[in-house]
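Listed here are the chains, written in short residue letters.
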Amino acid sequence: MKKIEAIIRPSKLEDVKNALIKAGCRGLTVSEVKGRGVQGGVVERYRGREYVVDLLPKVKIEIVVDDEYVDKIVNIICENAKTGEFGDGKIFILPVEEVIRIRTGERGRDAIM
């Protein structure tokens, strides 16, 4: 099993979420986060003064899937989160040793299906 963590633009969340649901992805976790990458931040004006916002609002999506679904899920996220501009985000893929569904005690693949 793998955990897919995607950091994307907040404006792309609905597109990504709807595409994942359409593809049969049943469970996901979404968190509002802030971060910076290559783009470094933006300069904004407020009441005539400039200031740098170097931590921009992003959305983090977390999904745990069987190894066989990783490429499919990653492709869906890439297709639906991409704008072609700096700040589109990143995807991280991590190994998952074990999953346990608290309600039933199911483990492994049964716990994520």
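Structural data are supplied above this passage.
Residues numbered from 1 in each chain as written. Predicted model: local features only at pLDDT ≥ 70, side-chain atom pairs only at ≥ 80, totals over all residues. Heavy atoms only, no water.

Chemist: Which residues make up the packing of helix H1 (residues 13-22) against helix H2 (residues 70-81), and what values do they have?
Modeler: Where H1 contacts H2, the axes come no closer than 8 Å and their chain directions differ by 145°. In this structure, H1 crosses over H2, and the sense of that crossing is right-handed. Together, Asp 15, Val 16, Ala 19 and Leu 20 of H1 and Ile 73, Ile 76, Ile 77, Asn 80 and Ala 81 of H2 make up the contact between the two elements. Here the residues of the contact of H1 with H2 are counted per class, giving seven nonpolar, one polar and one charged. (Axes fitted to C-alpha atoms, helices over the stretch in contact; angles between N-to-C directions. Helix = DSSP H or I, 4+ residues; strand = E, 2+ residues; numbered from the N terminus. Left-handed = near helix turned anticlockwise from the far one by under 90°. Contact = heavy atoms within 4.5 Å. Nonpolar A, V, L, I, M, F, W, Y, C, P; charged D, E, K, R; others polar.)

Chemist: Now, about the nonpolar core: what can you tell me, with residues and values included?
Modeler: Counting residues in hydrophobic clusters, the biggest one holds 18 residues, and the most contacted among them are Ile 8, Leu 20, Ile 61, Ile 63, Ile 73 and Ile 77. Among the elements that line this core, the one with the most residues is H2, at six residues. With residues near it in sequence (within four places) discarded, Ile 8 still touches Leu 13, Val 16, Lys 58, Val 59, Ile 61, Ile 77, Ala 81 and Asp 88. (Core = buried A, V, L, I, M, F, W, Y, C linked by side-chain atoms within 4.5 Å. Buried < 20%, exposed > 50% of the residue type's maximum accessible area, 1.4 Å probe, protein only.)

Chemist: Explain the sheet that holds strand S5 (residues 56-65) to me, and be specific about the residues and the numbers.
Modeler: If you trace the four strands from one edge of the open sheet to the other, you get S2-S5-S1-S6, paired in antiparallel fashion. Looking at which strands have only one partner, the edges of the open sheet turn out to be strand S2 (29-35) and strand S6 (89-95). Across this sheet, the average inter-strand angle for adjacent strands is 20°, counted without regard to direction. In this sheet, S5 lies alongside strand S1 (residues 2-8) in antiparallel orientation, the contact comprising seven bridges. Considered in S5, the bridge of Lys 3 is made with Val 64. This element, H1, spans S1, S2 and S5 of the sheet and lies at about 10° to S5. Most of the contacts of H2 go to S1, to which it runs at about 5°, and overall it touches S1, S5 and S6. (Pairing = 2+ DSSP bridges.)

Chemist: Break down the environment of Pro 95 for me, with residues and values.
Modeler: Here Pro 95 shows up in strand S6. Ignoring sequence-local partners within four residues, the contact set of Pro 95 consists of Met 1 and Lys 2.

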